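Analysis of the macromolecular model
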Amino acid sequence: MESVVIGEIIAGSMFLVTLFAVMIGYPVAFTLAGMGLIFAFIGNQFGVFDFTLLIGLGSRYFGVMTNEVLVAVPLFVFMGVMLERSKIAERLLTTMGQLFGSLRGGLGISVVIVGTLLAASTGIVGATVVTMGLLSLPAMVRAGYDPKLATGIICASGTLGQIIPPSAVLIFMGDLLAGANQQAQLSMGNFTPQPLSVGQLFAGALLPGLCLVGLYTSWVVLKAVFDPLSCPPIHMTAAEKRGLFGRVMVALVPPLLLIVAVLGSILSGLATATESASVGAVGATVLAMLSGRFSLRVLNDVMRSTMLISSMVFVILIGASVFSLVFRGLGGEHLVEDILSAMPGGQLGAVIVVMAIMFVLGFFLDTFEIMFIMVPIAAPVLIRLGIDPLWLGVAMGVNLQTSFITPPFGFSLFYLRGVAGSLVSTLDIYRGIIPFVGLQLVGIVLLWVFPQLATWLPEQIFGKTTGNTVIEAPAHTGQVPSGDFGDLFGAPDTDSQTGGDFGDLFGVPDTGNNRSGGDFDDLFGGSQPIPTEATPSGPESPEQPQSDFGDLFN
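Only a predicted model underlies this, so the values are computations on that prediction, with no experimental measurement involved.

This paragraph deals with the pattern of salt bridges. Counting across every chain of the model gives 3 salt bridges. One salt bridge in this structure joins Lys148 and Asp146, with 3.3 Å as the shortest N-O distance. Across the pair Asp227 and Lys223 runs a salt bridge whose closest N-O atoms are separated by 3.5 Å. Residue classification places Asp227 among the partly exposed positions, given a relative accessible area of 30%.

All of the buried residues along helix α15 (residues 332-341) are Gly332, Glu333, Val336 and Leu340. The buried residues of α15 all sit within an arc of 105° when viewed along its axis, so they share a single face. Contacts made by the buried residues of α15 are with α1 (3-23), α9 (168-187), α14 (296-329), α16 (347-361) and α17 (367-384).

Moving on: the packing of α1 against α17. Two elements in contact, α1 and α17, have axes whose closest approach is 12 Å; the angle formed by their N-to-C orientations is 170°. As summarised for this structure, α1 and α17 are arranged roughly antiparallel, according to the angle between their axes. Contacts between α1 and α17 involve Phe15, Leu19 and Val22 from the former and Glu369, Ile373, Met374 and Ile377 from the latter. Looking at side-chain class alone, the contact of α1 with α17 contains 6 nonpolar, no polar and 1 charged residues.

Turning our attention to the side chain of Ser403. Structurally, the position occupied by Ser403 is in the loop between α18 (389-401) and α19 (411-420). Look at Ser403 and you get buried, because its relative accessible area is 1%. Separated by 2.7 Å, the side chains of Ser403 and Thr367 make a polar contact. In this structure the side chain of Ser403 is engaged in a polar contact, spanning 2.6 Å, whose partner is the backbone oxygen of Leu400.

What follows covers a nonpolar patch on the surface. A cluster of nonpolar side chains, namely Phe20, Met23, Ile24, Tyr26, Val360, Phe364, Phe409 and Phe414, defines an oily patch on the protein surface of about 800 Å² accessible area. Within the element layout of this structure, Phe414 appears in helix α19. In this structure Phe414 comes out as partly exposed when scored by relative accessible area, which is 39%.

On to the packing of helix α7 (residues 125-142) against helix α8 (residues 147-158). At a closest axis distance of 9 Å, the pairing of α7 and α8 adopts a crossing angle of 155°. Accordingly, the angle class assigned to the pair α7 and α8 is roughly antiparallel. Both α7 and α8 take part in a crossing whose hand is right-handed. Counted together, Val125, Thr128, Val129, Met132, Gly133, Ser136, Leu137 and Met140 of α7 and Ala150, Thr151, Ile153, Ile154, Cys155, Ser157 and Gly158 of α8 form the full contact between these two elements. Looking at side-chain class alone, the contact of α7 with α8 contains 9 nonpolar, 6 polar and no charged residues.

Counting through the fold element by element, Phe404 comes out in the loop between α18 and α19. Among the residues examined, Phe404 registers a relative accessible area of 7% and is labelled buried. As a C-alpha pair, Phe404 and Leu365 span 39 residues in sequence and 9.0 Å in three-dimensional space. If we skip the residues at most four places from it in the chain, Phe404 touches Val125, Thr159, Gln162, Asp366, Thr367, Gly410, Phe411, Ser412 and Leu413.

What follows concerns the environment of Ala277. Within the element layout of this structure, Ala277 appears in helix α13 (residues 273-290). Ala277 has contacts with Ala72, Leu75 and Phe76, leaving out every residue within four places of it along the chain.

So, about the nonpolar core. Phe172, Met371, Phe372, Leu382, Leu392 and Met396 are the most contacted members of the largest nonpolar core, which has 156 residues in total. The biggest single contributor to this core is α17, with 13 residues. Excluding residues within four positions of it along the chain, Leu392 makes contact with Leu177, Met355, Ala379, Leu382, Ile383 and Ile387.

Throughout the structure, instances matching the rule amount to 10 aromatic pairs. Between Tyr216 and Phe436, the ring centres sit 5.5 Å apart and the planes meet at 70°, which makes this aromatic pair edge-to-face. Of this pair, Tyr216 sits in helix α10 (residues 198-226) while Phe436 sits in helix α20 (residues 426-449), and the two are 220 residues apart along the sequence. Judged by relative accessible area, which is 0%, Tyr216 ranks as buried. Residue classification places Phe436 among the buried residues on the basis of a relative accessible area of 1%. In textbook terms, an aromatic cluster arises when at least three aromatic residues are bridged by ring pairs, as seen for Phe172, Phe314, Phe368 and Phe372.

Thresholds, definitions, all that
- Residues numbered from 1 in each chain as written.
- Predicted model: local features only at pLDDT ≥ 70, side-chain atom pairs only at ≥ 80, totals over all residues.
- Heavy atoms only, no water.
- Salt bridge = Lys/Arg side-chain N within 4 Å of Asp/Glu carboxyl O.
- Buried < 20%, exposed > 50% of the residue type's maximum accessible area, 1.4 Å probe, protein only.
- Helix = DSSP H or I, 4+ residues; strand = E, 2+ residues; numbered from the N terminus.
- Arc of directions from axis to C-beta.
- Contact = heavy atoms within 4.5 Å.
- Axes fitted to C-alpha atoms, helices over the stretch in contact; angles between N-to-C directions.
- Parallel < 35°, antiparallel > 145°, perpendicular 65-115°, else oblique.
- Nonpolar A, V, L, I, M, F, W, Y, C, P; charged D, E, K, R; others polar.
- Polar contact = N/O pair within 3.5 Å; in protein donor to acceptor, adjacent residues only side chain to side chain.
- Patch = residues over 30% accessible without salt bridge, like charges linked within 9 Å, V, L, I, M, F, W, Y side chains within 5 Å.
- Areas by Shrake-Rupley, 256 points an atom, 1.4 Å probe, with all protein chains shown as cover.
- Left-handed = near helix turned anticlockwise from the far one by under 90°.
- Core = buried A, V, L, I, M, F, W, Y, C linked by side-chain atoms within 4.5 Å.
- Phe/Tyr/Trp six-rings, centres within 6.5 Å; stacked < 30°, edge-to-face > 60°.

Printed below as a string of structure tokens:
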């Protein structure tokens, strides 16, 4: 059996064994790294893996530690936890519930709106679901809401922070896709690929995220129209209605200002994602001070939570680096490319397969676990097949959001179950989330049918900066590709030296009569002497070009 086939078999086995180990409960970070090292040893024994590839791990880890983009992750986490401690979510839920509660389905719509605002200002799924579960679920149950509808609205709205920027998932997705896009473009012969930034991904995810908000709201409206008993209105006293507008403004304006400061600075180009994250962290601290909720104890709790969440994510990232390096070293990337390229339907078939795998993994694994395993493996292949990396990142983000709400191991379901108590049953939570999982799939279909949802806003803000334009490698016809350094990568021309600013440094010495006059041509030319008179055996040799220092090398 050929070594290539053996390597691909080992790579496929490593992928399946790793998934099995993660699903039965082994810690993800250590499973990824451990399986990578185990299968690296196995591959080395079969002669299909070179241990020297592992030397690259040091530079990878150093790159993670010095990556300015990833600095935004702990800053955004700090911002979200600080806002959760400042009780902004509580005020929003109370006032929005009073504002819309007199309508059928109004309380459910208010939960969706608050989930959207918290997603755009915190991005912390656990904190959002727990807060809305503690405050909204009792109110919805008292108002006579169907427990299934109430729990589905809370769980789905609480996960919007995974796709609506600023989102830690999108930050890591942007970093992973930037590397995957560069790798894919280089393999296709494009040595100057257009970069993909986190800001572009934020802009691309904004409209699809708002589409999901619209789908959730539409579902609540449909339930209110066709099943009014499932979401009845709440009755407010005159005292509760008095001064409602002022309370709404007090609760709504601070998070809106923070959202404008953070997202506005990114989308307007005034700040990078990392710089805007620092603005958000400072802004959240100021809001906590203004609300009277700030203290050294609160600050200590926020920093501890930030450290725990950030450490968990980065440890998984480091373990995933070992896994992806060994997987590619074994030839697994070629195996994935062969499988996806052979799918019926071309691009559509390949995308459906990858999305289906990620969707199924969402039943068992966390968002970050799926992302760190699947994106480095599948994204370069899909980009080589012609998929826009920006669209791909947004579509994967929407798909990964479902991992928080799909039974049996959706984290949002666990969060709500932990605070719901006896108000609802676990079966109600599982049954209630099913329509919203379907709405997520509708969102992915809309992205495929209307890709402009993900690409239009980034193009308006940043210009056309992504795409899969391929610069074909030149055939060996003697023509050197153009560009300042194109001659470094082309076939050497034995007939005429052309093109690049330094083409004469790297050309083949000319043995004929056609020498181009580069500034330093005479330093690196052939060993022919410069004749001062005609040779007796042939016609007079052409005059050789002279430079200021040509006589030093006679």
